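Coordinates in review
Residue strings, one per chain:
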Amino acid sequence: MYVTNLKCLDCFEEIEFDYVYKCPKCNGALDVGYDYNKLSQNGDCFSMISQVKSGLSHFINLLPCRHPDNLITIGESGTHLLLMENMALSENPLNVYLKNESSNPTGSFKDRPLSISVSLAKELGFDSVIIASTGNAGASAAAYAAKGGLRCLVLVPKSTPMAKILQAIAYGAQIICVDGTFSDCYQLAEQISNIQRIANVTTTYINPFNLEGDKTIAFEIFTQLGCIVPDYLIVPIGAGPLLSAMHKGFNEIRILGFSNKNPALIGVQAEGCAPIVEAFTMGRIEAKAWENPKTVASAIADPLKGYERDATYTLRSIKESKGCAISVNDEEILSAHSDLAKFEGLFQEPTSAASLAALRKLSTKGLFDRNETVVLLLTGHGLKDPGIVSASHEELKIIKPDINQLKKILS
Ligand SMILES: *Cc1c(COP(=O)(O)O)cnc(C)c1O
Ligand SMILES: [Zn+2]
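Computed from a prediction, not measured in an experiment: that's the story for all the values here.

**Examining the side chain of Q348**
Positionally, Q348 belongs in the loop between α12 (330–344) and α13 (350–364). Separated by 2.6 Å, the side chains of Q348 and S352 make a polar contact. Dropping the residues within four chain positions of it, Q348 is found in contact with N100, S102, H337, L340, L378, T379, G380, H381 and G382.

Put into structure tokens, the structure is as follows:
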């Protein structure tokens, strides 16, 4: 175990490792600290970097769980990095890779963070977890709680795609639909976890352990590119812990001596809910909560109401990495959504396709050089929001089981 403590992202106060959510001094978000010196002296991270395996225990030396046996795992991680082959861009770059996180057990990258935060909750003696979610994290929490024998409560906004809700129900969680936004769910989860002994595993910055699971994506990308850091990494963002965790992961690779640079991180939001992009564009490091989120990219429709401070952490990671934040509209998202399936064989939910929409927009603006390497995070599977397809496709043809009718259609 190389975990040392928890550190406040704002005032740098160091506090003892425990299942806590906020800095006792300033309410800032907490970050898990490690003894990197000891880790690099022992050489305990080499195997982690030299191969890609499924199951987060592969990364145990850079995770906060005390023992690999305490990790609840159902085969998350070890996802493919695929070359984008069949879609030309109007301008460079030539090397575009797709990190397909939709092949995790519940169909989204959220399995990585929830594997860690639910495992730690169990390790530290909780028997229930609660989560506010736009659907994917709720399904993941439900699956890991099921495997670990914990009770799971999921709060989702009423507008959540039904397939995600059904998934969480199938895993045995108790689902509560809230007539409000994700932010309303967030506040309810926080209030309950303050008064009852129930671990809040919500995947904003409120739970510092989730980011530790997220960052393993960075380790895998590095390994899969042949121990090379990509020039750009494009990430769909809600509050943005996934993006900050990519930054942490690539920082750790550098601190441990395996690389000497970080990728520029590009955060993508939908035009209908873009508080972080708005702040970035205006050169601010503080965001305003978004009123009335409205987008097909439901997994990143996070208005940040009541925890606007989260945006600042994300903006900090973007700035430090010399990246940017960009928004794309629903039309651009849906066209990327359709093309990923038709040209690359990857059926994604709309949010996931936002990365490709952003790549296209930025390539038109000439951001990339020809030889640069860009990785897109594909964050969630198309079957999680299948209803979106019917809207954009022709009606189903129904025929009698008759060869002549079939011939007629094919001619
Ligand atoms: C949660 C989620 C994101 C965004 O992650 P954050 O860490 O909340 O910014 C992106 N895509 C999908 C499919 C998600 O479920
Ligand atoms: Zn603090």
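Text resumes after the structure shown.
**Observations regarding the nonpolar core**
Counting residues in each nonpolar core, the largest one holds 94 residues, and the members touching the most others are Y19, L233 and M246. The element that contributes the greatest number of residues to this core is helix α4 (residues 136–148), accounting for 6 residues. If near-sequence neighbours (up to four positions away) are discounted, L233 is found in contact with I221, M246, F250, P263, A264, L265, I266, V375 and L377. Core analysis: the second largest hydrophobic core is formed by 33 residues, Y232, I234, L359 and V374 among them.

**Section: the sheet that holds strand β3 (residues 30–34)**
Taken together, 3 strands build an open sheet; the order of strands is β2-β1-β3 and the sheet is antiparallel. Both outer strands of the open sheet, β2 (14–15) and β3, are each paired with one neighbouring strand and no more. As paired strands, strand β1 (residues 3–8) and β3 are joined by 4 bridges and run antiparallel to one another. Counted as the bridge partner of L6 is V32 from β3.

**As for the pairing of strand β6 (residues 128–132)**
Along β6, 5 of the 5 residues are buried, which leaves the element largely enclosed by surrounding structure. Across the two faces of β6 the burial is the same, with S128, I130 and A132 and V129 and I131 all buried. Bridge count between β6 and strand β7 (residues 151–157): 5 bridges; the pairing is parallel. Within the sheet, the bridge partner assigned to V129 lies in β7 and is C152. In this fold, the crossover linking β6 to β7 by way of α4 has right-handed handedness. In terms of strand pairing, β6 meets strand β9 (residues 199–200) through 2 bridges, oriented parallel. Looking across to β9, one finds that I130 is bridged to N200.

**What to know about the sheet that holds strand β8 (residues 174–178)**
Strands sit in the order β8-β7-β6-β9 across an open sheet of 4 strands; the sheet is parallel. The outermost strands of the open sheet, each flanked by one partner alone, are β8 and β9. The pairing of β7 with β8 spans 5 bridges and is classified as parallel. Along β8, the bridge assignment pairs L155 with I176.

**Details of α4**
For α4, with 13 residues, the first-to-last C-alpha span of 18 Å sits near the 18 Å given by 1.5 Å per residue. With respect to burial, α4 is a largely interior element, 11 of its 13 residues being buried. Within α4, burial applies to N136, A137, G138, A139, S140, A141, A142, A143, Y144, A145 and G148. Looking at the buried residues of α4, the elements they touch are α3 (111–123), β6, β7 and α5 (162–170). Immediately beyond the C-terminal end of α4, within one or two residues, lies G149, with a positive phi of roughly 75°.

**Structural notes on unusual backbone geometry**
Working note: non-glycine residues mostly have negative phi, and peptide bonds are mostly trans. Notably, N292 is not glycine yet its phi reads approximately 50°, a positive angle. Mapping N292 onto the fold places it in the loop between α10 (275–281) and α11 (309–320). In this structure N292 comes out as exposed when scored by relative accessible area, which is 68%. Of note in the backbone geometry, K322 takes a positive phi value of approximately 65° without being a glycine. Mapped onto the elements of the fold, K322 is located in the loop between α11 and β12 (324–328). Taking relative accessible area as the criterion, K322 reaches 72% and is therefore assigned exposed.

**A word on the coordination of the zinc ion (ligand 2)**
At this site the zinc ion (ligand 2) is bound by C8 (SG), C11 (SG), C23 (SG) and C26 (SG), with donor distances of 2.3 Å. For the zinc ion (ligand 2), the 4 donor atoms are set out with angles of 99 to 118° between them, so the coordination reads as tetrahedral. The sequence pattern formed by the donor residues of the zinc ion (ligand 2) is C-x2-C-x11-C-x2-C. With C8 in strand β1 and C26 in the loop between β2 and β3, this pair connects stretches of sequence that are 18 residues apart. The class of C8 is buried, set by a relative accessible area of 1%. We classify C26 as partly exposed; its relative accessible area is 24%.

**Section: the packing of helix α8 (residues 216–224) against helix α9 (residues 241–255)**
α9 packs onto α8 with a crossing angle of 55° between their chain directions and a minimal axis gap of 7 Å. With respect to α9, the axis of α8 lies oblique. When you trace α8 past α9, the crossing you get is right-handed. Across the interface between the two elements, I217, A218, F219, I221 and F222 of α8 pack against L242, M246, G249, F250, E252 and I253 of α9. For the contact of α8 with α9, the residue count by class is 9 nonpolar, 1 polar and 1 charged.

**Looking at the packing of α4 against α5**
Running from amino to carboxyl end, α4 crosses α5 at an angle of 15°, the nearest separation of the two axes being 8 Å. Between α4 and α5, the angle is such that the two are roughly parallel. Crossing handedness for the pair α4 and α5: left-handed. Listed contacts from α5 to N136, G138, A139 and A142 of α4 are K164, Q167 and A168. Classifying every residue of the contact of α4 with α5 gives 3 nonpolar, 3 polar and 1 charged.

About the criteria used
Residues numbered from 1 in each chain as written. Chains lettered and ligands numbered in written order. Predicted model: local features only at pLDDT ≥ 70, side-chain atom pairs only at ≥ 80, totals over all residues. Heavy atoms only, no water. Helix = DSSP H or I, 4+ residues; strand = E, 2+ residues; numbered from the N terminus. Polar contact = N/O pair within 3.5 Å; in protein donor to acceptor, adjacent residues only side chain to side chain. Contact = heavy atoms within 4.5 Å. Core = buried A, V, L, I, M, F, W, Y, C linked by side-chain atoms within 4.5 Å. Buried < 20%, exposed > 50% of the residue type's maximum accessible area, 1.4 Å probe, protein only. Pairing = 2+ DSSP bridges. Right-handed = clockwise from strand over helix to strand, strands pointing away. Expected span 1.5 Å × (residues − 1). Donors = N, O, S within 2.8 Å, 3.2 Å for Na, K, Ca; no water. Tetrahedral: all angles 85-135°; square planar, octahedral: opposite > 155°, others 65-115°. Axes fitted to C-alpha atoms, helices over the stretch in contact; angles between N-to-C directions. Parallel < 35°, antiparallel > 145°, perpendicular 65-115°, else oblique. Left-handed = near helix turned anticlockwise from the far one by under 90°. Nonpolar A, V, L, I, M, F, W, Y, C, P; charged D, E, K, R; others polar.

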